[in-house]
Amino acid sequence: MTGAIPSGTRINLESSVVLLIDDNRMSLDILNSAFMGFGVRDRLRVDSVDEAKRTLKSRNVDLVVVEAGMPEDSAFAFMRWLRHEAAEPVCYTPVVMVLGHTTHSGVTRARDAGANFVVAKPISAGTLLSRVIWIARGRRAFLKGDSFAGPDRRFHNLGIPAGIDGRRAEDLGMDLGGPVDPNLSQSEVDMMMKPMKVEL
Amino acid sequence: MRRVYPKLRLHNTLRDPLGISVEQAVQRATSEMEAFSGEAFVVVDAAIAKLREMCAPGQGELDPSTVFDQAELVVDLAGLYTPPLCLAAQSLCNLAQKAMQSGSIDRGAVSVHVETLLLLRSMDGKESPTTRAIIDGLVAVVAKAR
């Protein structure tokens, strides 16, 4: 239910401020109840992006959750404003976009608009919380340019395709070839990073 | 392109020993969300009724985007509580989306979906081999629709 979040992980969202944006009152109530359950005391609920912008200008917000399917594409207009026009550090505010009818193109569009994560409706509490924890744990770089502003979309570090020169200083332009050994298990990787005593 | 590593306050939430376990947080949130089921089903039933009314004889051309909106409402709200109803409504969303591209919607295919929504609404809301077979049937209907 909570994805790859290890059992026993603890979280304290009591002092976090979450801004919830949805034009559908019922959906907003349900979203609000989820964050209430997560222990968030300060839940700011708005039903329009204009109100959301006003809120972000006057309050420190730790997380924005926005319904992507609001009328006149306003959620995407909001994302453009937040990522490209809002002042620092507001422009870096993590955003979870909620998609009703989830299509591949919808997810791509949300990602390209600068969303940190996309959650498909119907929302489950486990999925929603795991995305919040991924954001809390992650150290994704934030890219800011004319054509794109948002969390690095290549956060899996898959690198650039072979034979293509990257545009970033840290991009490696060479073909590394295929693997010659089987993949290491996570515990093998852990042992390489932080050797531990084992019982023989 | 500028690369920034912003400091997020959310990072600190995982380090707080006074926090609650993830399992506890999910359980609390799920119960809070379930408290809205009664209210949500009032909206869901109204959406299904509207779809049924639109499919009735003599109602003129069906508007794919109106069908999509009503079906999406069912996905949004019913999905939390009854997964099969959500899957059936998602299938109707797919049908409506296909129709938006082709310009016309198959009234018969919409009617089949609406009757299925009503049938699933009368069932216990849990997934079973029967509900899976019903949903597979809807997927086949959408695949055949132009």
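Scroll up for the structure.
For clarity, every value in this text was computed on a predicted model and none was experimentally measured.

## Concerning the sheet that holds strand S7 (residues 142-144) of chain A
Strand order in this open sheet of 3 strands is S8(A)-S7(A)-S1(B), and the pairing throughout is antiparallel. Two strands close off the open sheet at either side, each with one partner strand: strand S8 (149-151) of chain A together with strand S1 (2-4) of chain B. Sheet twist, expressed as the mean angle between neighbouring strand axes with direction ignored, is 20°. Sitting on the sheet, helix H3 (residues 74-85) of chain A touches S7 and S8 of chain A, and the angle it makes with S8(A) is about 90°.

## Structural notes on the sheet that holds strand S6 (residues 117-120) of chain A
Consider a sheet: its strands pair through backbone hydrogen bonds, and that pairing is either parallel or antiparallel. All names here are of chain A. The 5 strands are arranged S3-S2-S4-S5-S6 in an open sheet whose pairing can be described as parallel. Two strands in the sheet have a free side with no partner beyond their single neighbour: strand S3 (42-46) and S6. Recorded for the sheet is a direction-independent mean angle of 20° between the axes of neighbouring strands. Note that strand S4 (residues 63-67) and strand S5 (residues 95-99) share 4 bridges and pair parallel. When the bridges of S5 are listed, Val 65 appears paired with Val 96. Helix-sheet contacts for helix H1 (residues 25-37) involve strand S2 (17-21), S3 and S4, and the interaxial angle to S3 is about 170°.

## A short note on the packing of helix H2 (residues 37-55) of chain B against helix H5 (residues 107-122) of chain B
Residues and elements named next belong to chain B. The interhelical angle for the contact between H2 and H5, taken along N-to-C directions, is 150°, at an axis separation of 10 Å. Here H2 is positioned roughly antiparallel relative to H5, judged by the angle of their axes. Between H2 and H5 lies a crossing of left-handed hand. In contact with Phe 41, Asp 45, Ile 48, Leu 51, Arg 52, Met 54 and Cys 55 of H2, H5 contributes Arg 107, Val 110, Ser 111, Val 114, Glu 115, Leu 117, Leu 118 and Arg 121. Within the contact of H2 with H5, the residues separate by chemical class into 9 nonpolar, 1 polar and 5 charged.

## Examining the pairing of S4(A)
Every regular strand shows the same layout, with side chains that alternate between the two sheet faces. All names here are of chain A. Burial runs high along S4: 5 of the 5 residues are buried. Of the two faces of S4, the one carrying Leu 63, Val 65 and Glu 67 and the one carrying Val 64 and Val 66 are both buried. Sheet topology note: the S2/S4 ladder contains 4 bridges and is parallel. The residue of S4 that forms the bridge with Val 18 is Leu 63. A crossover connection joins S4 to the parallel S5 through H3; in handedness this β-α-β unit is right-handed.

## Some details on helix H4 (residues 83-102) of chain B
Residue and element names in this part refer to chain B. If you check H4, its first and last C-alpha atoms are 29 Å apart, about what 20 residues at 1.5 Å a residue would give, namely 28 Å. Listed as buried for H4 are Pro 84, Leu 85, Cys 86, Ala 88, Ala 89, Ser 91, Leu 92, Cys 93, Leu 95, Ala 96 and Ala 99. For H4, the elements touching its buried residues are H2, helix H3 (64-78), H5 and helix H6 (129-144). Looking one or two residues beyond H4, the residue adopting positive phi is Gly 103, at roughly 95°.

## Quick notes on the state of the cysteines
Scanning all chains against the criterion turns up 0 disulfides over all chains. Considering cysteine sulfurs only, Cys93(B) is the nearest to Cys86(B), which forms no disulfide, with 8.7 Å between them.

About the cut-offs
- Sequence order as written defines the numbering, with residues in each chain counted from 1.
- Lettering for chains starts from A, numbering for ligands starts from 1, and both go in the order in which the items are written.
- The predicted origin of the model limits local features to residues at a pLDDT of at least 70 and limits the giving and counting of side-chain atom pairs to 80 or more, whereas totals for whole chains, interfaces and linings rest on all residues.
- Here the side-chain values reflect all heavy atoms present in the structure, with hydrogen atoms and water set aside.
- The rule for pairing is simple: two strands pair if DSSP sees at least two bridges between them.
- Starting at the N terminus, helices and strands are each numbered in turn, a helix being any DSSP run of H or I of at least four residues and a strand any DSSP run of E of at least two.
- Axis definition: a line fitted to C-alpha atoms, limited for helices to the stretch in contact. Angles are taken between N-to-C directions and run from 0 to 180 degrees.
- Contacts are assigned to residue pairs that have any heavy atoms within 4.5 Å of one another.
- These descriptions rest on fixed angle ranges, namely under 35 degrees for roughly parallel, over 145 for roughly antiparallel, 65 to 115 for roughly perpendicular, and the rest for oblique.
- If you view the pair so one helix is near and one far, a crossing is left-handed when the near helix is turned anticlockwise from the far one by less than a right angle, and right-handed when it is turned clockwise.
- Residues are grouped as follows: Ala, Val, Leu, Ile, Met, Phe, Trp, Tyr, Cys and Pro are nonpolar; Asp, Glu, Lys and Arg are charged; every other residue, Gly included, is polar.
- Three labels apply to residues, based on accessible area from a 1.4 Å probe with only protein chains included: buried if under 20% of the type maximum, exposed if over 50%, partly exposed otherwise in between.
- Think of it like this: strands point away, you trace from the first strand over the helix to the second, and a clockwise trace means the crossover is right-handed.
- Helix span, as expected, comes to 1.5 Å for every residue beyond the first.
- Here, the term disulfide refers to a pair of cysteine sulfur atoms separated by no more than 2.5 Å.

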